[in-house]
Each structure stands twice: as structure tokens, then as C-alpha cells.
Amino acid sequence: MQQKRISRWYFGGVSSSAAACLTHPLDLIKVHLQTQQEVRVRMIGMTVNVVRREGYRALYSGLSASLCRQMTYSMSRFAIYETVRDKLYRKNKAPMPFYQKVLLGAFGGFTGGFIGTPADLVNVRMQNDVKLPAKLRRNYAHVFDGLLRVWRDEGIRKMFSGGTMASSRGALVSVGQLSCYDQSKQLFLANGFLTDNILTHVLASVFAGGCATVLCQPLDVVKTRLMNSKVEYGSVFACLTETAKLGPKAFYKGLVPAAIRLVPHTVFTYVFLEQLRQHFGQVVVA
């Protein structure tokens, strides 16, 4: 009987963490652009400003929080999605319909987004710290220092500030990244367009990353503002209202760097994930 390998539940977190190490500077610049009250500089200008003020190492500010986020948020959503998908495939001997993949991706992303909210909050703050005046910086030493200080100084509720938006964003990103990747890869292979190789993974993940960027950017902007604010907005609606005052384009601040960051991150994640699956995955009888 033919054997195949499927991902282990933690592969998604490991591959996303590896991808984050390569794309973290782009994520940092995206956060800086989103937290501008007025559009003063673009992507290249913001990058130059950060390097000029703090040096090249500043581009990796908050890396520990980013890795913690991937090992909570991404590990959870990949574990939910791939575990359920693989079990249903073995049970039904057929791939899930696309609408079921969308629902499963949304559920996994929503759950993972909530679980990863505290690490995401510290990640946003650590990344944004380098552009603040010295007296206003939080100066978290690392992600665990940040989590402890938020819990001690601001309370458990603040650790989940922006949790609704983070969960909603996680759902949309996962629909784009997980469901669209899965479906596009399935179509490529079913039509004989490509074989199961790295080119297939790259093309499917580029498409998935683009879908995820367009879907989640408005929520990503609001989430970043909620997490980085020193003043309580009072509600998600209040944050939406304040952002809307800047015009419709405000919800797509940082779209280009978001795409430049999310598309490569998606590509690297799936390249690493597929390699882990092929070489270290769980062997099952097809």
C-alpha cells in the first residue's frame, strides 16, 4: 500500500518561526507605518529613519516577541487546520470542499489569534519602541519581560487588548494563507499543471499570501492601533471611528510593506513546512 507523510501538529509553528526570522524587519516597518497618525514617510523613508536613529540591529527589535507569537498563534491555527483536515481526508478518502476549508481556516485562525494576543501586543510595542523619544519608551528586555510588566502594571485585561481584532484578523489571514494555499495547491496537482515540488509550493503560497494581505489589512491597522495606544480607546468601535477620521486610505496604511512582508513570510513558511512534512512528517497509509 502507498505511504504518504502528513505534518505533525507543531510543524506550522516551527516553520512560521523560521520564516519570521527572515521577514521580521519588514514586519517592524509595517508597524511603524501603521502607527503614524499622519502619513509623513513611506516604506523606504521609514526604514532609513530607523537605521539612522538606532542602527541596523533596530530592524530586529521585538524578535523574541515575534517568535513567541508564532509559537502560540501560528502553531495553534496550523495544528487545528491540518489535524482536522488530515483526519477528514483519511475518513472520507477525498479532499474537503473549499467552503469547509474556509470555515476550518477561519476557526483555527480565530482561536490562534486569541491565544497569541499577549505575545502580539508585546511584539507591536517592542517594534514601535525604537521610534519613540527615550523618555516614552517601554524598553522591554525581551518578550517575557514585556508580558510580565504588562500583567503587573496594566492588568490581565490589557494583555488581551485588541484580542477581538487579533482573532478576527487571524481568521481572515488563515482563510487566505491556509485555505487558499490548500485549494490552489490541490488544483495545480489535480490538473497535472505541476507536480508536488518546491515550485508548486511557491506559486500556491504567493497566491495565498496575496489573498491574506488584502483580506486582513484593515483589521491589522486597527489591531495595531489598539495594542500600541497608551490611552484606552474604550472600544473597538471607538478605534474604528478615530481611524476612519483619517479617511478610507487609513485602513490600508502599510499595505505595500504588509504585502512585501506577508507574501514572503507565507512563501518561506510553506517551503519550510513542506520540507518538514516530506522529511520528518508522520507516515500514514494512503
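Residues numbered from 1 in each chain as written. Predicted model: local features only at pLDDT ≥ 70, side-chain atom pairs only at ≥ 80, totals over all residues. Heavy atoms only, no water.

1. Some thoughts on the nonpolar core
Of all hydrophobic cores here, the largest spans 13 residues; its most connected members are Phe78, Leu178, Tyr181, Tyr270 and Leu273. Among the nonpolar cores identified, the runner-up in size contains 11 residues, and Ala65, Ala119, Leu121 and Val143 belong to it. (Core = buried A, V, L, I, M, F, W, Y, C linked by side-chain atoms within 4.5 Å. Buried < 20%, exposed > 50% of the residue type's maximum accessible area, 1.4 Å probe, protein only.)

2. Some points on the packing of aromatic side chains
By the definition in use, this model includes six aromatic pairs. Ring centres 5.2 Å apart and planes at 90 degrees place the aromatic pair tyrosine 10 and phenylalanine 11 in the edge-to-face group. Its relative accessible area of 34% is what places tyrosine 10 among the partly exposed residues. By relative accessible area, phenylalanine 11 is classed as buried at 3%. (Phe/Tyr/Trp six-rings, centres within 6.5 Å; stacked < 30°, edge-to-face > 60°.)

3. Some thoughts on the layout of surface pockets
Considering only enclosed or pocket space, the largest pocket measures out at about 600 Å³ in volume. What lines the largest pocket is a set of 25 residues, and nearest its centre among them are Lys4, Arg85, Asp86, Asp182 and Lys185. Elements represented by at least two residues in the lining of the largest pocket include exactly β1 (3–6), α3 (63–92), α8 (163–190) and α11 (255–280). Across the lining of the largest pocket, the residue classes tally to 11 nonpolar, two polar and 12 charged. (1 Å grid on protein atoms, 1.4 Å probe; cavity = no way out; pocket = protein on both sides within 12 Å on 5 of 7 lines; lining within 4 Å. Points joined across faces, edges and corners; volume = space filled by probe spheres on them. Helix = DSSP H or I, 4+ residues; strand = E, 2+ residues; numbered from the N terminus. Nonpolar A, V, L, I, M, F, W, Y, C, P; charged D, E, K, R; others polar.)

4. With respect to the UniProt feature "repeat: Solcar" (unreviewed entry) in the protein chain
Mapped onto this numbering, the UniProt entry gives "repeat: Solcar" (unreviewed entry) at residues 3–87, 100–187 and 196–279. Between the C-alpha atoms that bound residues 100–187 there is a distance of 16 Å. The span itself is 80% helix and 0% strand. (UniProt positions renumbered as here; feature names shortened; annotations may be inferred.)

5. As for the state of the cysteines
Applying the stated rule across the entire model yields zero disulfides. The thiol sulfur of cysteine 68 is not disulfide-bonded, and the nearest other cysteine sulfur, from cysteine 21, lies at 13 Å. For cysteine 68, a relative accessible area of 18% gives the class buried. (Disulfide = S-S within 2.5 Å.)

6. Digging into the packing of α3 against α11
Each pair of packed helices can be summarised by the angle the axes make with each other and by the distance between the axes. Running from amino to carboxyl end, α3 crosses α11 at an angle of 60 degrees, the nearest separation of the two axes being 14 Å. It follows that α3 is oblique to α11 by the angle criterion. Classified by chirality, the crossing of α11 by α3 is right-handed. In this structure, α3 contributes Arg69, Gln70, Phe78 and Glu82 to the contact, and α11 contributes Arg261, His265, Thr269, Tyr270 and Leu273. A breakdown of the residues in the contact of α3 with α11 according to their chemical character gives three nonpolar, three polar and three charged. (Axes fitted to C-alpha atoms, helices over the stretch in contact; angles between N-to-C directions. Parallel < 35°, antiparallel > 145°, perpendicular 65-115°, else oblique. Left-handed = near helix turned anticlockwise from the far one by under 90°. Contact = heavy atoms within 4.5 Å.)

7. Here's the deal with the side chain of glutamine 183
Along the chain, the position of glutamine 183 falls in helix α8. Excluding its chain neighbours within four sequence positions, the residues that come into contact with glutamine 183 are Phe98 and Lys101.

8. Thoughts on the confidence of the model for the protein chain
Interpreting fine coordinate detail is not advised for predicted regions of low pLDDT. In the predicted model, the protein chain carries a mean pLDDT of 87, and 94% of its residues have values of at least 70. Averaged over each element, pLDDT in the protein chain is lowest for helix α10 (residues 236–244) (80) and highest for helix α4 (residues 98–115) (96). (pLDDT = per-residue confidence, 0-100.)

9. Structural notes on unusual backbone geometry
One can expect most non-glycine residues to show negative phi and most peptide bonds to be in trans. A positive phi angle, close to 60 degrees, is found at lysine 93, a residue other than glycine. Located in the positive-phi region is asparagine 139, a residue other than glycine, with phi close to 55 degrees. Examined against the element boundaries, asparagine 139 turns out to sit in the loop between α5 (117–129) and α6 (143–154).

10. Concerning the packing of α8 against α11
Two elements in contact, α8 and α11, have axes whose closest approach is 12 Å; the angle formed by their N-to-C orientations is 55 degrees. One way to sum up the angle between α8 and α11 is to call them oblique. Handedness of the α8/α11 crossing: right-handed. Counting all contacts with α8, which are made through Arg169, Gln177, Leu178, Tyr181 and Lys185, the residues of α11 involved are Arg261, Leu262, His265, Thr266, Tyr270, Glu274 and Arg277. When grouped by side-chain class, the residues that make up the contact of α8 with α11 number four nonpolar, three polar and five charged.

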